[in-house]
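Fold and geometry: a report
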Amino acid sequence: MTLAASPTDDAATTAGTGERALVTGGALTPEDLGTVPVELIERIRGAKRVMTVCHRDPEPDALGSALGNALIVEALGGRATAVCADPVPDAYHFLPLMDRFRTAPEPDLDPDLIIVGDCGELARVGRVLDDHAELFSRVPIVNINHHVSNIGFGAVDWVDAESAATCEQVTLLAAALSVPLDSAEGALAAQLMSGVVIDTANFQHPNTTARTLRVASALREAGAPLPEIARRLYRTKQNAQLKLFGLSLSRMVASDEGKLVWTSLMDDDFATAGASPAHSEGLIDLLAQSETAEVAIIFKESGPHTRISVRTREGGVDATVLTGTFGGGGHARASGATLEAPVADAQPLVLAEARRLIAALPDPA
Ligand SMILES: [Mn+2]
């Protein structure tokens, strides 16, 4: 099924009438548009045949930026091909124009510009680069990305770590080029919104700035179907996944006045639920919604080994200290480790260490 964008009421004029109101980005400020490098604008204006690329294992920010850049080039009168080394996952096919993606360059395009989106380094584009190294070394590259770790690999690099998503930047780019955000029958706005939604987790992560919301406002005004995108990306699960979560959560244990909450996910659960390994994604975040938990742990059976996923409360136990004891790592609030022991043996060791760390927390005043 393809999602058609439907313009919101107050953006309902425009295309063809000459009465374009706000779809070029009414909510955006001149300062917002001023962040787009002039050299980038000139490169894209001057390009006639453009290959746009994103990283392998794509998610909506990658896909939306590659397709968005292609639609911008086309709106300016050029030719464009969107390339991603891996096929678009089924879960994202509800977004418009996903069939535009190729897994390799179009043989007869002969690009005069390559736009790389959402890649911290060029190698992230995957085998497209390995298989077409000559193309990437011959054709000028522009690099649009929001990862602070981006080292710069293009003739023009626009790395904006303040940006919540690459699609936030591409929205600014479209507006700076006066490309209407409702271009391609709404596909541009829908694609860009999906990237912003995924990278902000529905505007909930701290990376959501006032500018992110202005970008989202402009996209919404251009008809981006925000409710459907938010639902498909964050409030839709396969039934097998819900069943798997249920099997696991039915064994949940809360101890130590609720401060320690854990459960298990066994190999048998996947067979019972008819679920695949990818379906366990998100279970720990659901468990961590416990209102009492300082530390939430999932013990995931992995043959003879045990994988633990840990979430901890802001200002409380450092999850990397807990998982570090068992050779793992991650972030202070979200971390993991693998123990070379079955769940029954791994569990008491990890729980004892978690209890020790909880007990060491300062008493709340
Ligand atoms: Mn991103």
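Note that the coordinates shown come from a computational prediction; the quantities given were computed from them, not determined experimentally. (Residues numbered from 1 in each chain as written. Predicted model: local features only at pLDDT ≥ 70, side-chain atom pairs only at ≥ 80, totals over all residues.)

Remarks on the sheet that holds strand S2 (residues 79–83)
So the rule is basically this: One requirement defines pairing of two strands: DSSP has to find at least two bridges between them. Counting from the N terminus, the helices are DSSP H or I runs at least four residues long and the strands are E runs at least two residues long. A pair of residues counts as a contact when their C-beta atoms, built from backbone coordinates, are separated by no more than 7 Å. Interaxial angles span 0 to 180 degrees and are taken between N-to-C directions of axes, which are lines fitted to C-alpha atoms, for helices over the stretch in contact.
Reading across the sheet, the six strands line up as S3-S2-S1-S4-S5-S6 and stay open at both edges, with parallel pairing between neighbours. Of all the strands in the sheet, just strand S3 (101–102) and strand S6 (156–159) have a single pairing partner and so form its edges. Here five bridges tie strand S1 (residues 49–53) to S2, and the two strands are oriented parallel to one another. Residue pairing in the sheet places valine 53 in a bridge with valine 83 of S2. Strand contacts of helix H3 (residues 60–75): S1, S2, strand S4 (113–117) and strand S5 (141–145), with the helix running at about 170° to S2, the strand carrying the most contacts. In the packing of helix H6 (residues 166–176) onto the sheet, the strands contacted are S4, S5 and S6, and the crossing angle to S5 comes to about 120°.

A word on the sheet that holds strand S12 (residues 334–339)
By definition, the strands of a sheet pair up through backbone hydrogen bonds, in either a parallel or an antiparallel sense. What the six strands build is an open sheet, ordered S7-S8-S9-S10-S12-S11; its pairing is mixed. The open sheet terminates on both sides in strands that have one partner only, identified here as strand S7 (253–255) and strand S11 (329–330). Where S7 lies against strand S8 (residues 260–265), three bridges are found, and the strand directions are antiparallel. Each bridged residue has a counterpart across the sheet, and for serine 255 the counterpart in S8 is leucine 260. Seen against the sheet, helix H14 (residues 343–359) touches S8, strand S9 (295–302), strand S10 (305–312) and S12 and runs at an angle of roughly 165° to S9.

A few points about the nonpolar core
Generally speaking, nonpolar side chains in soluble globular proteins are found buried as a group. Worth spelling out the cut-off: Nonpolar cores are identified as sets of buried Ala, Val, Leu, Ile, Met, Phe, Trp, Tyr and Cys residues joined via C-beta atoms within 7 Å. Exposure classes come from backbone-placed C-beta atoms, where a residue is buried if 20 or more other C-beta atoms lie within 10 Å of its own, exposed if 12 or fewer do, and partly exposed in between.
The biggest cluster of nonpolar side chains holds 65 residues, and the ones touching the most others in it are Val53, Ala66, Ala189, Met193, Val196 and Leu219. Tallying contributions element by element places helix H7 (residues 187–200) first for this core, with nine residues. When sequence neighbours within four positions are dropped, the list of residues in contact with leucine 219 reads Thr171, Leu181, Ala189, Leu192, Met193 and Ala224. Residues Val261, Ile308, Val317 and Phe326 belong to the second largest nonpolar core, which totals 27 residues.

Let's talk about the confidence of the model for the protein chain
Defined as follows: Confidence of the prediction at every residue is given by pLDDT, a number between 0 and 100.
Scored by pLDDT, the protein chain comes out at a mean of 92, with 93% of its residues at no less than 70. Within the model, the stretch residues 1–23 combines pLDDT values under 50 with 45 contacts to residues more than four positions away or in other chains.

Observations regarding the domain arrangement of the protein chain
A common way to express how large an interface is: the accessible area buried when the components associate. We count it as follows: Note: domain ranges come from an automatic or database domain assignment.
Parsing the protein chain into structural domains produces domain 1 (9–234) and domain 2 (239–359). For domain 1 and domain 2, the distance between their C-alpha centres works out to 36 Å.

Focus: the pairing of S12
As paired strands, S10 and S12 are joined by six bridges and run antiparallel to one another. Of the residues in S12, the one forming a bridge with serine 309 is glycine 336. Note that S11 and S12 share two bridges and pair antiparallel. Opposite glycine 329, over in S12, you have glycine 336 as the bridge partner. In this antiparallel pair of consecutive strands, S11 and S12, the connection spans three residues.

Describing the environment of valine 197
You can see valine 197 is positioned in helix H7. Judged by local crowding, valine 197 falls into the buried class, with 26 C-beta atoms found within 10 Å.

Considerations on the environment of leucine 219
By secondary structure assignment, the location of leucine 219 is in helix H8 (residues 210–221). Note: C-alpha distance between leucine 219 and threonine 306 (87 residues apart in sequence) is 44 Å.

Remarks on unusual backbone geometry
Phi at alanine 184 is positive, roughly 55°, even though this residue is not glycine. Among the residues examined, alanine 184 registers 22 C-beta atoms within 10 Å and is labelled buried. Phi at glutamate 185 is positive, roughly 55°, even though this residue is not glycine. The exposure class assigned to glutamate 185 is partly exposed, which follows from the 14 C-beta atoms found within 10 Å.

Things to note about the packing of H6 against H8
The cut-off we apply is this: If an angle is under 35 degrees, it is roughly parallel; if it is over 145, roughly antiparallel; if it lies from 65 to 115, roughly perpendicular; otherwise it is oblique. Whether a crossing is left-handed or right-handed is set by the direction in which the near helix is turned from the far one by less than a right angle, anticlockwise for left-handed and clockwise for right-handed.
At a closest axis distance of 10 Å, the pairing of H6 and H8 adopts a crossing angle of 60°. Viewed along their axes, H6 and H8 adopt a mutual orientation that is oblique. Here H6 and H8 pass one another in a crossing that is left-handed. Residues Glu168, Thr171, Leu172 and Ala175 of H6 form the contact with H8, whose own contacting residues are Thr212, Val215, Ala218 and Leu219.

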